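Remarks on the overall topology
Listed below, chain by chain, are the residues.
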Amino acid sequence: MSDKPAREVQRLKANSVGLVGVVFMAVATAAPITAMTGNLPIAVGFGNGTGAPAGYLFATLVLTVFSVGYVAMAKRITAAGAFYGYISHGLGRIAGMASGMLAVLAYIVFEASIVGIFAYFGQTTVADQLGVDIPWIVYAAGMLAVTGVLAYFDINITAKALGIMLVAEIAVLFAVATAVLLAGGGPDGIPVEPINPVNAFTGTSAGLGLFFAFWSWVGFESTAMYGEESRDPKRVIPRATLISVVGVGLFYIYVSWMTIAGNGLEGSVKVSSSASPLDLFFDPTEAFIGAWAVDAFQWLLLTGSFACGMAFHQCASRYLYAIGREGFLHPALGRTHRSHGSPYIASYVQSGIATLLVAAFWLAGEDPYIHLYTLLAILGTMAILIVQTLCSFAVIGYFRKNHPEDRHWFKTFTAPLLGGIGMIAVVVLLVINMETAAGLAADSLFFKLIPWIVGLVFFGGLGLGLYLKAKQPDRYAIIGRIVLEDAAERTDDSETSQPAATV
């Protein structure tokens, strides 16, 4: 421990968001409507087939176990850097710096990726329904601009906007699934095979199906990033995390099961592997609700992807802010807005990076869905899964050395151990199935560079940590150590207090 006085930093605005707001932010990054329409047809058509709902059940169990250790850490450490801070405390500062750089990479590219699918949905929906063909880059530019403006203000504004869009996309998926259930299903009634746990490991490629199931949750862990801005973070963040994981899991299982029931077992596989995989959702929507609902569904694909991208922008900004306020990258990133308490400089930088990424793909003549969305999503997913894996073992390391009163055979050892092993398995699934997941983009140079980019960032972070330890011990000492010390529910007066750097 250092004898130096606590380091004062500009902090994010406390009491900005409550439990519901944090849940909305986390679930928005998972993007239920985008995850379902983008991932389920691939899982059914080329993965574990009609056992895809069972795949979601398996993923729910694994991620719930992972979350047990994650929330145990969240009760002790409140920091905007989340994984960065957790791993720094549990596995050491060098591993923390490497993980922080990987997390920054992941969330930075996730926003640009989602801009791609938003632009694709915007172009196709407007062309189909209004007969107006507008270049996809126009939609991309519009999303980047609106996202940047919203992120400038208090996060509560973003949370409310996300809440409206999230409720709408969940409502349409739930309505279609419930209509199928109430009608008694489609050609095969309501078959139980899709939720038989054994069937999660069957089909053409069970590994591919399981990977896409886990992919559907990417972003749920972002709950911890809002601890400094939430009310009573030691209670809100753990609850929000478990609600997000379990709630999203049950929703995915229900919607995927009823979607397969609405199409029939054989029909589901056939339409999912066709040239129009979205018909897996559009066909039962039209059959059980009406053609008007298909039109609404298309517009909600647009708003759902926008909500997802906006949530990822907030995540990336907070990671840049967390590293910037410790003096890494650039200290200006650690500034917060005087009135809104937002990490506005980090937000500007994130908007600039996302804009450059989108512009690079556009200038190269790449497709917004096939290349921009898919390739950057795979890059970000590989990076964040590695960080999640390290975080599981960091929980064990942290509680082995600290807080003996909180040690628990399951919560702080068995659960994070099993969660870490499960995350390793998911990383392996990604590596094995990466080419199939990339689809038509697998032939691109960028696809071949993805493992090298991840490796370069991770080992670059390790190198930076080692350099700081040897040459700049004062800076090394604060890696991942700026945390919010107040564990109790905040009062209005606490908004102006400064968090201490625990070294």
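Rules and cut-offs
- Residues numbered from 1 in each chain as written.
- Predicted model: local features only at pLDDT ≥ 70, side-chain atom pairs only at ≥ 80, totals over all residues.
- Heavy atoms only, no water.
- Helix = DSSP H or I, 4+ residues; strand = E, 2+ residues; numbered from the N terminus.
- Buried < 20%, exposed > 50% of the residue type's maximum accessible area, 1.4 Å probe, protein only.
- Contact = heavy atoms within 4.5 Å.
- Areas by Shrake-Rupley, 256 points an atom, 1.4 Å probe, with all protein chains shown as cover.
- Phe/Tyr/Trp six-rings, centres within 6.5 Å; stacked < 30°, edge-to-face > 60°.
- Salt bridge = Lys/Arg side-chain N within 4 Å of Asp/Glu carboxyl O.
- pLDDT = per-residue confidence, 0-100.
- Expected span 1.5 Å × (residues − 1).
- Polar contact = N/O pair within 3.5 Å; in protein donor to acceptor, adjacent residues only side chain to side chain.
- Axes fitted to C-alpha atoms, helices over the stretch in contact; angles between N-to-C directions.
- Parallel < 35°, antiparallel > 145°, perpendicular 65-115°, else oblique.
- Nonpolar A, V, L, I, M, F, W, Y, C, P; charged D, E, K, R; others polar.
- 1 Å grid on protein atoms, 1.4 Å probe; cavity = no way out; pocket = protein on both sides within 12 Å on 5 of 7 lines; lining within 4 Å.
- Points joined across faces, edges and corners; volume = space filled by probe spheres on them.
- Core = buried A, V, L, I, M, F, W, Y, C linked by side-chain atoms within 4.5 Å.
- Left-handed = near helix turned anticlockwise from the far one by under 90°.
- Patch = residues over 30% accessible without salt bridge, like charges linked within 9 Å, V, L, I, M, F, W, Y side chains within 5 Å.

Take the overall build of the chain next. Helices and strands together make up the secondary structure of the chain, namely 17 helices and zero strands. Counting all 503 residues of the chain, 60% fall into the buried class. The long-range fraction of contacts in the chain, counting pairs at least 24 apart against all pairs at least 6 apart in sequence, stands at 82%. Split by element, the accessible area of the chain, about 18,700 Å² in all, is 66% carbon and sulfur.

Moving on, we come to the packing of aromatic side chains. Summed over all chains, the structure comprises 26 aromatic pairs. Geometrically, the ring pair formed by F58 and F214 is edge-to-face, given 6.2 Å between the ring centres and 85 degrees between the ring planes. Of the two residues, F58 is situated in helix 3 (residues 52-74) and F214 in helix 8 (residues 206-215); the sequence distance between them amounts to 156 residues. Residue F58 is classed as partly exposed on the basis of its relative accessible area, which comes to 30%. By relative accessible area, which is 6% here, F214 ends up buried. Seen from their ring centres, Y344 and Y348 are 5.9 Å apart, and the 80 degrees between their planes marks the pair as edge-to-face. With Y344 and Y348 both in helix 13 (residues 344-363), this residue pair falls four residues apart, about one helical turn. Judged by relative accessible area, which is 46%, Y348 ranks as partly exposed. A connected cluster of aromatic rings, assembled from ring pairs, spans Y107, F110, F312 and Y319.

Oppositely charged side chains can form a pair if their charged atoms are brought close together. Summed over all chains, the structure comprises two salt bridges. A salt bridge links R76 to D406, with the nearest nitrogen and oxygen atoms 2.7 Å apart. Of this pair, R76 sits in the loop between helix 3 and helix 4 (83-91) while D406 sits in the loop between helix 14 (368-401) and helix 15 (410-438), and the two are 330 residues apart along the sequence. Residue classification places R76 among the partly exposed positions, given a relative accessible area of 32%.

So, about the confidence of the model for the chain. Taken as a whole, the chain shows an average pLDDT of 85; of its residues, 89% reach a score of 70 or greater. Scored below 50 in pLDDT, residues 1-7 makes 14 contacts in the model with residues more than four places away or belonging to other chains. In this model residues 484-503 is a low-confidence stretch, pLDDT under 50, and it forms 61 contacts with partners more than four residues away in sequence or in other chains.

End to end, helix 14 covers 47 Å across 34 residues, agreeing with the expected 50 Å (1.5 Å per residue, within 8%). Taking burial as the measure, the 34 residues of helix 14 include 27 buried ones, the bulk of the element. One side-chain oxygen at the N-terminal end of helix 14 lies 2.8 Å from the backbone nitrogen of Y369; it belongs to D367. Looking one or two residues beyond helix 14, the residue adopting positive phi is H403, at roughly 50 degrees.

Close contact between helix 3 and helix 9 (residues 233-263) brings their axes to 10 Å; oriented N to C, the two are set at 180 degrees. For the element pair helix 3 / helix 9, the angle class is roughly antiparallel. When its residues are assigned to classes, the contact of helix 3 with helix 9 shows 16 nonpolar, six polar and one charged.

Mapped onto the elements, V218 comes out in the loop between helix 8 and helix 9. Its relative accessible area of 8% is what places V218 among the buried residues. In this structure, the C-alpha to C-alpha distance between V218 and A377, residues 159 residues apart in sequence, is 9.7 Å. Not counting chain neighbours up to four residues away, the residues in contact with V218 comprise T29, A30, F110, F312, T381 and I384.

To continue, consider unusual backbone geometry. We note that H403 has phi near 50 degrees; this positive angle belongs to a residue other than glycine. As for its placement among the helices and strands, H403 is situated in the loop between helix 14 and helix 15.

This part is about the layout of surface pockets. Empty space among the atoms can be located by rolling a probe the size of a water molecule over them. Of the voids in this model, the largest pocket is the one considered here, and its volume is about 900 Å³. Taken together, 35 residues form the lining of the largest pocket, with G38, I42, Y120, P277 and Y369 sitting closest to its centre. Here the residues of the lining of the largest pocket sort into 21 nonpolar, twelve polar and two charged.

For the rest of this paragraph, the subject is the nonpolar core. Core analysis: the biggest nonpolar cluster contains 154 residues, and F83, Y107, L173, W217, Y252 and V358 have the highest contact counts within it. Looking at this core, the element that brings in the most residues is helix 5 (residues 93-130), giving 21 residues. The residues touching Y252, leaving out its near neighbours within four places in the chain, are A30, A31, P32, A35, M36, Y56, S216 and W217.

Moving on, we come to empty space enclosed by the protein. Counted according to the given criterion, the structure contains four cavities of 30 Å³ or more. Within this model, the largest cavity holds a volume of roughly 160 Å³. What lines the largest cavity is a set of 17 residues, and nearest its centre among them are T29, A30, I114, W215 and Y373. At the level of elements, helix 1 (19-30), helix 2 (32-46), helix 5, helix 12 (291-324) and helix 14 are the ones that each hand at least two residues to the lining of the largest cavity.

Another point: the side chain of S244. Assignment of secondary structure puts S244 in helix 9. Residue classification places S244 among the buried positions, given a relative accessible area of 1%. The residues contacting S244, other than those within four sequence positions of it, are V23, A26, V27, W217, T223 and G249.

Our focus in this paragraph is the environment of Y467. For Y467, the position within the fold is in helix 16 (residues 445-471). As a C-alpha pair, Y467 and I94 span 373 residues in sequence and 9.5 Å in three-dimensional space.

A few words now on the packing of helix 1 against helix 12. Following both chains from N to C, one finds helix 1 and helix 12 inclined at 115 degrees, their axes separated by 7 Å at the closest point. In terms of axis orientation, helix 1 runs roughly perpendicular to helix 12. Handedness of the helix 1/helix 12 crossing: left-handed. Contacts between helix 1 and helix 12 involve M25, A28 and T29 on the former and, on the latter, A307, C308, A311, F312, Q314 and C315.

Together, L130, V132 and W299 give the surface a local cluster of nonpolar side chains, amounting to about 260 Å² of exposed area. If you trace the backbone, W299 turns up in helix 12.

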